[in-house]
Amino acid sequence: MLEQINMLREKGQNELNALNSTDQLPEWYYRYLGRKGDLTSLLKQLGTLSSEERPAMGKVINEVKQELQESFELRQKTLRETNLSQQLEIDDLDVTLPGRPCTTGHLHLTTQTLRRIYKIFQEMGFQVYEAPEVESDEFNFQLLNIPEYHPARDMWDTFWVNDEVVLRTHTSPGQIWAMREYYPEPIRVILPGKCYRFEQITPRSEHQFFQVEGLAIGKNIRLTDLIGVMSEFAHKMYGVERKVRFRGSYFPFTEPSIEIDMSCSCGEEDGTESSGCRLCKYTGWLEVAGAGMVHPAVLRNGGYDPEEWSGFAFGMGVERPALLKHNIDDIRYFYGNDLRFLQQF
Ligand code: DAH
């Protein structure tokens, strides 16, 4: 039996050393060290020996088993290491290279612009108030002092959902929502959001765009408050060197109504009076917002008594100022979702 054991040991060692891949390891293990392996069957044969021979032989078998077990572990380790270094050579992988950073996105240019606007008005005590994008004819027009069939409706080319429901053409209906919610408190809110117009899409107009509406209601609010707030806004948004101009205008929901212009950057660049460029259509001025004192009829529709309360409102575009600031010549890029454009800001 001793001879048998020694042969097994030698054969086992030789075969183990001849293995050249980790795939071959399990097979070897089962053959020599497994529960049905050769060494185990030798151990089982111990019972056939005399009681004098048995302990010595058992000891030898266990020593060989121990020895093969250690050799196996050593071989396994070597083969795994060789395997890894071969793999690395084939894959041409340099684990010492720094990893490639994942690209992270950033806020859309419109969102960036909106947030700048929020911040400026927040500093003046305005809260953000959100109103519905799908509106009734009543809120979008009638309560804003624009009755059915009134010619002023031509100012807004409208997407009609049905005879009574529209995609809001401006953020002004939010004024009514805010007034009805806050009455009888004074109000200072801005109302940002998407608006829709059934217009031909051109470099200067999209059928969807953002506006920010503003509304202040109080006991003693005057046109000069509006002028002060809008001058402050224009300076914070576009720089103190910009001049702001107020022109008389018409909107059904304000009386008096004004439009707010800002001096164009073309005048700023050469340090002289604005002479004009393509952006400002050679006038030296850019339109920023429509505004005015809230019409008594609108105050009343919001629940406020015009004898007691007064207020101002304004509405401004969001994409157009961004266009101007970054010298972008086509508003359609904003919603084209082309990363080559969006990544620049
Ligand atoms: N809603 C107007 C528009 O979309 C803009 C506007 C003008 C809003 C005057 C106002 C305002 O609040 O007072 O053309």
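Keep in mind it's a predicted model, so treat the numbers as computed, not measured.

Rules used throughout
- Residues numbered from 1 in each chain as written.
- Predicted model: local features only at pLDDT ≥ 70, side-chain atom pairs only at ≥ 80, totals over all residues.
- Heavy atoms only, no water.
- Pairing = 2+ DSSP bridges.
- Helix = DSSP H or I, 4+ residues; strand = E, 2+ residues; numbered from the N terminus.
- Contact = heavy atoms within 4.5 Å.
- Axes fitted to C-alpha atoms, helices over the stretch in contact; angles between N-to-C directions.
- Near = heavy atom within 4 Å.
- Polar contact = N/O pair within 3.5 Å; in protein donor to acceptor, adjacent residues only side chain to side chain.
- Nonpolar A, V, L, I, M, F, W, Y, C, P; charged D, E, K, R; others polar.
- Domains from an automatic or database assignment.
- Buried < 20%, exposed > 50% of the residue type's maximum accessible area, 1.4 Å probe, protein only.
- Lys, Arg positive; Asp, Glu negative; His and termini not counted.
- Salt bridge = Lys/Arg side-chain N within 4 Å of Asp/Glu carboxyl O.
- Parallel < 35°, antiparallel > 145°, perpendicular 65-115°, else oblique.
- Phe/Tyr/Trp six-rings, centres within 6.5 Å; stacked < 30°, edge-to-face > 60°.
- Lys NZ or Arg CZ within 6 Å of the ring centre and 35° of its normal.

*Asks:* Requested: an account of the sheet that holds strand 9 (residues 310–317), with residues and values cited.
*Replies:* Strand order in the open sheet formed by 7 strands is 1-4-5-9-8-7-6, and the pairing between neighbours is mixed. Two strands bound the open sheet, and with one partner strand each, they are strand 1 (127–128) and strand 6 (244–249). Lying over the sheet, helix 8 (residues 223–238) contacts strand 6, strand 7 (254–263), strand 8 (285–294) and strand 9, oriented at roughly 30° with respect to strand 9.

*Asks:* Describe the environment of threonine 202, listing the residues and the values that go with them.
*Replies:* Mapped onto the fold, threonine 202 is located in the loop between strand 4 (187–196) and strand 5 (208–218). Sequence separation of threonine 202 and isoleucine 331 is 129 residues, and the distance between their C-alpha atoms is 7.8 Å. Other than its neighbours up to four places away in sequence, threonine 202 contacts Asp330, Ile331 and Arg332.

*Asks:* Account for the site of the ligand, with residues named and values stated.
*Replies:* Neighbouring residues of the ligand: 16 residues in total, closest His170, Ser172, Arg197, Gln211 and Glu213. Interatomic distance of 2.8 Å between a side-chain N/O atom of serine 172 and a nitrogen atom of the ligand. Here phenylalanine 314 contributes a backbone N or O atom positioned 3.3 Å from an oxygen atom of the ligand. Broken down by secondary-structure element, the contributors of at least two residues to the shell around the ligand are strand 5, strand 8 and strand 9. Taken together, the residues that form the shell around the ligand break down as 6 nonpolar, 8 polar and 2 charged.

*Asks:* I'd love a proper account of the domain arrangement of the protein, names of residues and values included.
*Replies:* Many structure descriptions define interface size as the accessible area lost when the parts assemble. Considered domain by domain, the protein is made up of domain 1 (2–90) and domain 2 (109–342). One C-alpha centre belongs to domain 1, the other to domain 2, and the line joining them spans 85 Å.

*Asks:* Would you mind going over the side chain of arginine 197 in detail, with residue names and values included?
*Replies:* Along the chain, the position of arginine 197 falls in the loop between strand 4 and strand 5. Summary of buried charges: arginine 197 has no salt-bridge partner, and the nearest side chain of opposite charge, glutamate 199, is 4.3 Å away. Apart from residues lying up to four places away in sequence, arginine 197 is in contact with Met155, Trp156, Asp157, Phe159, Thr169, His170, His207, Phe209 and Gln211.

*Asks:* Before we move on, can you summarise the packing of helix 5 (residues 109–123) against helix 11 (residues 319–326) with the specific residues and values?
*Replies:* Orientation of helix 5 relative to helix 11, taken along the N-to-C sense of each, is 100°, at an axis distance of 10 Å. When the axes of helix 5 and helix 11 are compared, the pair comes out roughly perpendicular. Side by side, helix 5 and helix 11 meet where Leu109, Thr110, Thr113 and Arg116 of the first sit next to Glu319, Ala322, Lys325 and His326 of the second. Split by residue class, the contact of helix 5 with helix 11 holds 2 nonpolar, 3 polar and 3 charged.

*Asks:* Give a detailed account of the packing of aromatic side chains, specifying residues and quantitative values.
*Replies:* Enumeration over the complete set of coordinates arrives at 19 aromatic pairs. Aromatic pair tyrosine 183 and tyrosine 304: ring centres 4.9 Å apart, planes at 85°, arrangement edge-to-face. One end of the pair, tyrosine 183, is in the loop between helix 7 (173–182) and strand 4; the other, tyrosine 304, is in the loop between helix 10 (296–302) and strand 9, with 121 residues separating them in the sequence. Members of the aromatic cluster, each reached through a chain of ring pairs, are Phe141, Trp156, Trp160, Phe251 and Phe253. The ring centre of tryptophan 309 lies 4.4 Å from the NZ or CZ of lysine 219, which sits over that ring.

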